[in-house]
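# Observations on the three-dimensional arrangement
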Amino acid sequence: MGRADVRRAEQGRARPGGKKQEKGRIRRLFTWKKMLGTFFGVCLLGIASVVGLYLYVDVPAAGNELAVAQSNVYKYADGKVLARTGKVNRESVPLSRIPKDVQMSFVAAENKTFFDDSGIDLKGTLRGVLKTLSGEGKQGGSTITQQYVKNYYLSQEQTVSRKLQEMVISLKVDAKFSKEKILAGYINTSFYGRRAYGIQAAAQAYYHVDADKLTVSQGAYLASLLQAPNQYDWAQATPAGKKLVKQRWAYTLDNMVEMKWLSQAERDKQKFDIPKDPKPEEGLTGRTGYLVKAAKDELFAHGVDEKKFELGGWTITLGIEKDKQLALEKSVKDKLTADLSPKTRKADKDAQLGAASVDPKTGHIVAMYGGAGFTQHYINNATREDYQPASTFKPLILASAMENQSQTQDGLPITPNTIYDGNNRRPVVGGTGGAFAPPNEDQRSYGNITVQQAMNNSVNSVFAQMGADVGLDNLKKTATSLGMSSKMDVQPAMTLGSMGASPVQMAGVYATFDNHGKKVTPTLVTKAEHASEPAPDLPDPIGDQILSRQTADTVTSVLRGVVDDGTATAVRGTNYEAAGKTGTSDDNKSAWFVGYTPKLVTAVGMFGEAEGGRQVTLRGTGGGGRVNGGGYPAQVWAAYNAAALGADANATFDLDTELGAGVAPTQTQTASPPPTHTPSGPPTPTGTPTGSASTDPTPTHTPTDPTQTPTDPTPTTTGGDTGSPTGGEENGGATGNGGANGAGGNNGTGGGNGPGALNGFE
């Protein structure tokens, strides 16, 4: 036998014993004691890991960016939504604003044991982890607490680590916060489709109501939506989707009965409330942007932090009344823009209009016209202060004179019946600092006229002298107390309204007259609320008594004469009482009508603005000549008030005065005939009071007060046999009477303002 045979024989004998030795090693390695120890070790390691994870993962101090982002909601005075701004359409509301049965519908739909569980569903969570590991995607089964944690603190990513974080944070959130707080957070952070985050946005999106007006049936539908918002949106759901959401709606209500949150009798009454069609997205299109920007500016001025504001969550209620806002916009369209052809006439392209309408008893701005559109013309024409108010400033001079008990240079008290020299370019006397002799409209002279007549016809020479009699510093003090800017220069030209002013400011001044001298500061924002921010301290728009009632009421009485017998011809003959003043600035760059009724004050201003913001003339707008305050502005004002006043058209002024056209006949004075040419020099005063001149130099170009008259001082338009039937500017025929502004015929009677009548101007 060779060596190889011997080796093979020995190996064969050794094999059985080797197998036994191997099995012994396995038994020694996997004894039941070792297996049990390993099992407990793994369990202890798992427990330690969970404990470590619980200790390591804390509740985040703040929600994620999407969760805290909300829209800012702007509302009309009646609570209807005007606009939403922000990236996320969300408006968080406290649980107290959500009906109890609607709250319970969410619990019934998503997590019946919510009020008793510890914040997590362990089986559902493990099932979700396994589904994620196997690549099968999203898996339900989370509690309301877990869904709130996912929505508010975490992201929507589907990973094991995120799921474990969700579980741990949910346990801590359940221990830290009340169930009510968690439920409110869940309802306010969930996505409902139609761009709506949170129940308030969802209530508006699907049922066009606020959350506090939801019914249990509607709440059950919104709760059902959360499972598949797009699939269950009634407006776009397939027949199968509609069937499924109705089944889930019924399931939700049945669970409410089971949990004794709804009686069976109430359950039987429920009908599926089909959601309304989606509304167009509210934004800053059209003229809404002007209102939103003005509201923000107002809030920031009252201490609201701009950075915090832009994070959203604010509900801002404006004083804007939708019907009045629409009426104002329509009036501008009908009376101005319908006449414009900006593609063919440069003047039409340059024409801008702004308006503000104020309730004199509350100070709230109820309508505002900022321009053609926020994206077309960024500057808000209602709040801009860069154009002259012109002769709409004249009533402030009279108010200052009466409030300061001012006297003429002859020592006579200044009242509506005081007589002044109304001749063209009459030098202001009684002062120092250089000559000031402003021209009247169309170089017209009036001779001796009363203050009432001078206001009716906007006679510059009278009010320039009155300003000197009052004292320009006193005049500025009165103007700023009424709400005008303190930046105005103290100079003689201020008596012609040479400072800047906005329609909102002028509406506030005249609202103070209307409110019997109690200060009115026009206010757009009436309320601003945020769930976690303190409400701003908004001042009362109605302030102190800054003019005596007799002064304010006398000004109102005088301004009634402007409407009834002066330059505001477009407002004459209405079925409501009105007072107001026209104004047209230097070079016709602006034209105004500021007027009021006992219930509504509205300022309308037109401005000539070329590209780049350069101020230009309005002349030629609409294909005509000069644009006067009694033209487009007064026409817009009249059309707006006819639509906006409603039952308030019957209101009457309650005036505590015996002066002015509103309560007594104006003192008769014969006006001097209009000159046929521009005088070469100032006429000699005819027994009028002297006056003091300002110490300031005379401007090289003094703004005039163009009002509605023909450009030729001598009227050339011939009326019919009985004059203008509408009381226009026509002269009477050979035997006819003049129109409201026309001259009488050979045998006729002068019109209300024509030669032969009281005033003979415009």
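Use the structure listed above.
First things first, this report covers the structure right here in the doc. (Residues numbered from 1 in each chain as written. Predicted model: local features only at pLDDT ≥ 70, side-chain atom pairs only at ≥ 80, totals over all residues. Heavy atoms only, no water.)

So, on to the pattern of salt bridges. Inspection of the entire model under this criterion finds 25 salt bridges. Asp 350 is the salt-bridge partner of Lys 346, the closest N and O atoms lying 2.7 Å from each other. With Lys 346 and Asp 350 both in helix H17 (residues 346-350), this residue pair falls four residues apart, about one helical turn. Accessibility expressed as a relative area gives 54% for Lys 346, which makes it exposed. With its nearest N and O atoms 2.9 Å apart, the salt bridge here joins Arg 549 to Asp 553. Here Asp 553 and Arg 549 lie together in helix H23 (residues 549-565), a separation of four residues that amounts to about one turn. (Salt bridge = Lys/Arg side-chain N within 4 Å of Asp/Glu carboxyl O. Helix = DSSP H or I, 4+ residues; strand = E, 2+ residues; numbered from the N terminus. Buried < 20%, exposed > 50% of the residue type's maximum accessible area, 1.4 Å probe, protein only.)

Here we have four strands laid out as an open sheet, ordered S2-S1-S5-S11, and mixed in their pairing. Among the strands making up the open sheet, the edge pair consists of strand S2 (81-85) and strand S11 (525-530). On average, each strand axis in the sheet is inclined to that of its neighbour by 15 degrees, with strand direction left out of account. Note: strand S5 (residues 314-318) against S11, five bridges, orientation antiparallel. (Pairing = 2+ DSSP bridges. Axes fitted to C-alpha atoms, helices over the stretch in contact; angles between N-to-C directions.)

This part takes up the packing of helix H18 (residues 394-403) against H23. It is the contact of H18 with H23, at a shortest axis distance of 9 Å, that shows an interaxial angle of 145 degrees. Handedness of the H18/H23 crossing: right-handed. Across the interface between the two elements, Pro 395, Leu 398, Ala 399, Met 402 and Glu 403 of H18 pack against Thr 551, Thr 554, Val 555, Val 558 and Leu 559 of H23. Partitioning the contact of H18 with H23 into residue classes produces seven nonpolar, two polar and one charged. (Left-handed = near helix turned anticlockwise from the far one by under 90°. Contact = heavy atoms within 4.5 Å. Nonpolar A, V, L, I, M, F, W, Y, C, P; charged D, E, K, R; others polar.)

With that settled, consider helix H22 (residues 503-514). When the terminal C-alpha atoms of H22 are compared, their 16 Å separation across 12 residues agrees well with the 16 Å that a helix rising 1.5 Å per residue should span. Among the 12 residues in H22, 12 count as buried, and that is most of the element. Here H22 has its buried residues at Pro 503, Val 504, Gln 505, Met 506, Ala 507, Gly 508, Val 509, Tyr 510, Ala 511, Thr 512, Phe 513 and Asp 514. Of the residues one or two after H22, His 516 is the one with positive phi, at around 60 degrees. (Expected span 1.5 Å × (residues − 1).)

Right, let's get into the packing of helix H16 (residues 322-335) against helix H24 (residues 632-644). Relative orientation of the contacting elements H16 and H24 amounts to 140 degrees, with a least axis distance of 8 Å. Between H16 and H24, the angle falls in the class oblique. Two packed elements cross with a definite hand, and for H16 against H24 that hand is right-handed. Residues Lys 324, Ala 327, Leu 328, Ser 331, Val 332 and Lys 335 of H16 touch H24, and the partners they reach there are Tyr 632, Gln 635, Val 636, Ala 639, Tyr 640, Ala 643 and Ala 644. In the contact of H16 with H24, the residues fall into nine nonpolar, two polar and two charged. (Parallel < 35°, antiparallel > 145°, perpendicular 65-115°, else oblique.)

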